[in-house]
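Observations on chain architecture
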Protein chains: 2
Amino acid sequence: MPENTSLRRGRPGYDQQGILDVAVAAFNEYGYDATSMGVLAERLGLSKSAIYHHFTSKDEILDRALDSALAALEGVLEDADAAGGRAADRLDLVLRGAVHVLVDRLPSVTLLLRVRGNTEVERRALERRRAFDRRVTALVSEAQAEGSLRSDLDASVVARLTFGMINSLVEWYRPGGTETADRLADDVVAVALDGLRMPTSNRVEDLLG
Amino acid sequence: MPENTSLRRGRPGYDQQGILDVAVAAFNEYGYDATSMGVLAERLGLSKSAIYHHFTSKDEILDRALDSALAALEGVLEDADAAGGRAADRLDLVLRGAVHVLVDRLPSVTLLLRVRGNTEVERRALERRRAFDRRVTALVSEAQAEGSLRSDLDASVVARLTFGMINSLVEWYRPGGTETADRLADDVVAVALDGLRMPTSNRVEDLLG
DNA sequence: GACCGCTGACCGACCGTTCGGGTGGGAGGA
DNA sequence: TCCTCCCACCCGAACGGTCGGTCAGCGGTC
């Protein structure tokens, strides 16, 4: 598997990444199961069997795509942990980082979020997702304990609702629109932390009264 | 189609609803495309061909299931509109109502949220979903205009993020757990309207300073 | 000339769907 | 009460088509 393109010998053609990009786009459009190797080959402009020169199976294509999304998400957690500081600040980094990963790697993350766990490859991906969720939940707990977040809500419910909001971006966000990733991350954090209610509305008055 | 069971003639067996429940559960487990009529028949304890006595096609099963979910969601909007009052109060009704529909009709709503629009049936369902989203967005706009919701966020982004949060419930909520529908609706509304930040935290102080 | 990229024919399995025929039980007349 | 008829219900076999995957060999490029 040539890492450096200048070392590639023989007839030039697709490499794994090129096929991967087209495959992931097709998987997202039709769904993984409904995408046949036939239409995939058609989109690539080559024969079905040519794909098997680059990947051993349809499953392996999915595996690579899911790994790219999961690695990026796990990297966000690593970065936040490395940054240190208050749990609330680290959580802020995770939320904004997750939005950026989602925007930057929209196709593979979209694919990841639709995995249901029918094959071994899918089950492994789901387990990595659950591990990610557990770490986020722990971060929320920590932030509640330090007094940064309200404690009347269960930490795992908070983590799930917040990431449910973030993950739902794949349903409608499309690159090239008016929304940039930074602006989107601001909006998500604004809703999650401060809510939608008018700041001068009854709730703040309640607190003062 | 016998409405009254006492009127049913002939050999007793499955009716459409019984098959529908099993089918929707299987669709959610494996995905619609990956669920073959064969395994569906196996789960029902029937032959494949017996299913075609109750439905004309696999597509029709999907159509019925999606309609049940969409009708329930549209009913929530109707009820809120009928209730009248401030837009913010009607929005509150819609959010809580949507959570209840999601919990009460978890299987069919789950199915609806995974539709991608590959067949004509799926495209029709998607269009009804978009119409629903447009009405929610309009409600958010109205609530912003009356001063109940902060206006620094785009109404359609607010509507999408909020329903992204609600819809994500299908990913983890399971009946019979510690969370009741009412409690869940309270949590969702709490996060969406008031946010996660500690009420006594810096933001309120910022407002006062 | 070595090797990489690719082709086209082909495989067995399984897909959704059809069809002709069997079967069992509620309803109505005797 | 019993018999009989009808029909909702269901089966097994088979259809054409498509699925993921294999293999032997051809051709371009370093």
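The written sequence of each chain sets the order in which its residues are numbered from 1. Both sets of labels track the order of writing: A upward for chains, 1 upward for ligands. Given that this is a predicted model, residues contribute local features only at a pLDDT of at least 70 and side-chain atom pairs are listed and counted only at 80 or more, while totals for whole chains, interfaces and linings are drawn from all residues. Side-chain measures were taken over the full set of non-hydrogen atoms in the model, leaving aside hydrogen atoms and water.

**Some points on the overall build of chain A**
Going by this rule: Secondary structure is summarised from DSSP: a helix means a run of H or I of at least four residues, a strand means a run of E of at least two, and numbering begins at the N terminus for each. Burial classes follow relative accessibility: with a 1.4 Å probe on protein chains only, a residue under 20% of its type's maximum area counts as buried, one over 50% as exposed, and anything between as partly exposed. Two residues form a contact once any of their heavy atoms are found within 4.5 Å. Where accessible areas are quoted, they stem from the Shrake-Rupley method and a 1.4 Å probe; at the residue level, only the protein chains shown are allowed to cover.
Broken down by element type, chain A carries 10 helices and 0 strands. Ordered by position from N to C terminus, the α and β elements of chain A give α-α-α-α-α-α-α-α-α-α. The burial tally for chain A puts 49% of its 209 residues in the buried class. In chain A, the share of contacts with a sequence separation of at least 24, taken over all contacts with a separation of at least 6, comes to 64%. Surface summary for chain A: the accessible area is close to 10300 Å², and the carbon and sulfur share equals 50%.

**Topic: the interface of chain B and chain A**
Using the following cut-off: Two parts lose some accessible area (1.4 Å probe) when they are put together, and adding that loss for both gives the buried area. Just to be clear on terms, a salt bridge is a Lys or Arg side-chain nitrogen sitting within 4 Å of an Asp or Glu carboxyl oxygen. Any pair of N or O atoms that falls within 3.5 Å is considered a polar contact. Within protein, one atom must be able to donate a hydrogen and the other to accept it, and sequence-neighbouring residues count only if both atoms are side-chain atoms. Nonpolar residues are Ala, Val, Leu, Ile, Met, Phe, Trp, Tyr, Cys and Pro. Charged residues are Asp, Glu, Lys and Arg, and all others, Gly as well, are polar.
In this assembly, 43 residues from chain B lie in contact with 43 residues from chain A. When the buried surface of chain B facing chain A is broken down by residue, Arg150, Leu161 and Leu196 of chain B rank first, second and third, together holding 17% of it. Counting across the interface, chain B meets chain A through 4 salt bridges. Asp194 of chain B is the salt-bridge partner of Arg197 of chain A, the closest N and O atoms lying 2.9 Å from each other. Linking chain B to chain A there are 16 residue pairs in polar contact (both at pLDDT 80 or more). Within the residue set of the side of chain B that touches chain A, elements represented by two or more residues are helix H1 (16-30), helix H8 (155-167), helix H9 (169-172), helix H10 (181-194) and helix H11 (202-208) of chain B. Take the side of chain B that touches chain A: its biggest share by element is 8 residues, from H10 of chain B. Split into classes, the residues belonging to the side of chain B that touches chain A amount to 21 nonpolar, 8 polar and 14 charged.

**Some points on the packing of aromatic side chains**
The cut-off we apply is this: Paired rings are identified among Phe, Tyr and Trp, the last through its six-membered ring, by centres lying within 6.5 Å, and are further divided according to the angle between planes into stacked (under 30 degrees), edge-to-face (over 60) and tilted (the rest).
As enumerated under the stated definition, the model contains 4 aromatic pairs over all chains in all. Here the aromatic rings of Phe132 of chain A and Phe163 of chain A are separated by 5.4 Å at their centres, their planes lie at 80°, and the arrangement is edge-to-face. Of this pair, Phe132 of chain A sits in helix H7 (residues 120-145) while Phe163 of chain A sits in helix H8 (residues 155-167); the two residues are 31 residues apart in sequence, bridging distant segments of the chain. Ring centres of Phe27 of chain B and Tyr32 of chain B lie 4.9 Å apart, and the angle between their planes is 75°; this geometry places the pair in the edge-to-face category.

**Digging into H8 of chain A**
All names here are of chain A. Note the threshold: Multiply 1.5 Å by the residue count of a helix minus one, and that product is the helix's expected span.
With 13 residues, H8 extends 18 Å from end C-alpha to end C-alpha; this agrees with the ideal 18 Å at 1.5 Å per step. Among the 13 residues in H8, 11 count as buried, and that is most of the element. Restricting attention to buried positions, one finds in H8 the residues Ala155, Val157, Val158, Ala159, Leu161, Thr162, Phe163, Gly164, Met165, Ile166 and Asn167.

**Regarding the relation of the copies chain B and chain A**
Which entries qualify depends on this criterion: For the least-squares superposition of copies, only C-alpha atoms count, and only for residues with pLDDT at least 70 in both.
Screw-axis analysis of chain B against chain A gives a translation of 0.0 Å along the axis, an RMSD of 0.1 Å, and a rotation angle of 180°. Between the two chains, the operation in question is that of a two-fold axis. Taken as a fraction of all interface residues of chain B, those also at the interface in chain A reach 100%, which identifies the copy contact as same-surface.

**Quick look at the UniProt feature "DNA-binding region" (unreviewed entry) in chain A**
How we decide: UniProt positions are given in the numbering used here, feature names are shortened, and annotations may be inferred rather than shown by experiment.
Sequence positions flagged by UniProt for "DNA-binding region" (unreviewed entry) are, in local numbering, residues 36-55 of chain A. Along residues 36-55 of chain A the backbone is 75% helical and 0% strand, and the end-to-end C-alpha distance reaches 15 Å.

**A look at the packing of helix H7 (residues 120-145) of chain B against H8 of chain B**
All names here are of chain B. This is how the line gets drawn: Every axis in this analysis is a line fitted to C-alpha atoms, fitted for helices over the stretch in contact. Angles between the N-to-C directions lie between 0 and 180 degrees. Should an angle fall under 35 degrees it is taken as roughly parallel, and over 145 as roughly antiparallel, whereas 65 to 115 is taken as roughly perpendicular and any remaining angle as oblique. Here a crossing is taken to be left-handed if its near helix is turned anticlockwise relative to the far helix by less than a right angle, and right-handed if that turn runs clockwise.
Here H7 crosses H8 at 120°, and the two axes come no closer than 8 Å. When the axis of H7 is compared with that of H8, the two are oblique. H7 and H8 meet at a crossing whose hand is right-handed. Where H7 abuts H8, its residues Arg129, Phe132, Val136, Thr137, Val140, Ser141 and Gln144 lie against Ala155, Ser156, Val158, Ala159, Phe163 and Asn167. Taken together, the residues that form the contact of H7 with H8 break down as 7 nonpolar, 5 polar and 1 charged.

**Quick look at the nonpolar core**
How we decide: Among buried residues, those of type Ala, Val, Leu, Ile, Met, Phe, Trp, Tyr and Cys that are joined through side-chain atoms within 4.5 Å constitute a nonpolar core.
By size, the foremost hydrophobic cluster in this structure holds 140 residues, and its most contacted members are Ile61 of chain A together with Ile61 of chain B. Those residues in contact with Ile61 of chain A that sit more than four places away from it in its chain are Leu20, Ala23, Phe27, Met37, Leu40, Ile51 and Phe55 of chain A.

**Some details on helix H1 (residues 16-30) of chain A**
All names here are of chain A. The end-to-end C-alpha distance of H1, which contains 15 residues, comes to 21 Å, matching closely the 21 Å that a straight helix rising 1.5 Å per residue would cover. Of the positions making up H1, those classed as buried are Gln16, Gly18, Ile19, Leu20, Ala23, Val24, Ala26, Phe27 and Asn28. Looking at the packing, one finds that the buried side of H1 touches helix H2 (37-44), helix H3 (48-54), helix H4 (58-83) and helix H6 (106-113).

**Concerning the confidence of the model for chain A**
Residues and elements named next belong to chain A. Defined as follows: Confidence scores labelled pLDDT are given residue by residue by the predictor and lie between 0 and 100.
Residues of chain A with pLDDT of at least 70 account for 89%, and the chain-wide mean is 90. Under a pLDDT of 50 for its full length, residues 1-7 has, in the predicted model, 2 contacts with residues more than four places off or in other chains. Scored below 50 in pLDDT, residues 201-209 makes 10 contacts in the model with residues more than four places away or belonging to other chains.

**With respect to the environment of Arg160 of chain B**
One can find Arg160 of chain B in helix H8. Between the C-alpha atom of Arg160 of chain B and that of Arg134 of chain B, which follows or precedes it by 26 residues, the distance is 9.8 Å. Residues contacting Arg160 of chain B, with those up to four places away along its chain left out, are Ser168 and Trp172 of chain A.

**What to know about the pattern of salt bridges**
All names here are of chain A. According to the stated counting rule, one finds 36 salt bridges over all chains in the structure shown. A salt bridge links Glu60 to Arg64, with the nearest nitrogen and oxygen atoms 3.1 Å apart. Note that Glu60 and Arg64 are positioned in helix H4 at a spacing of 4 residues, about one turn of the helix. What makes Glu60 buried here is its relative accessible area of 18%. When the shortest N-O distance is used, the salt bridge between Arg124 and Asp63 registers 3.5 Å. Placement of Arg124 in helix H7 and of Asp63 in helix H4 is noted, with a sequence separation of 61 residues between them. Look at Arg124 and you get partly exposed, because its relative accessible area is 44%. We classify Asp63 as partly exposed; its relative accessible area is 28%. Via salt bridges that share partners, Asp67, Glu74 and Arg128 belong to a single interconnected network.

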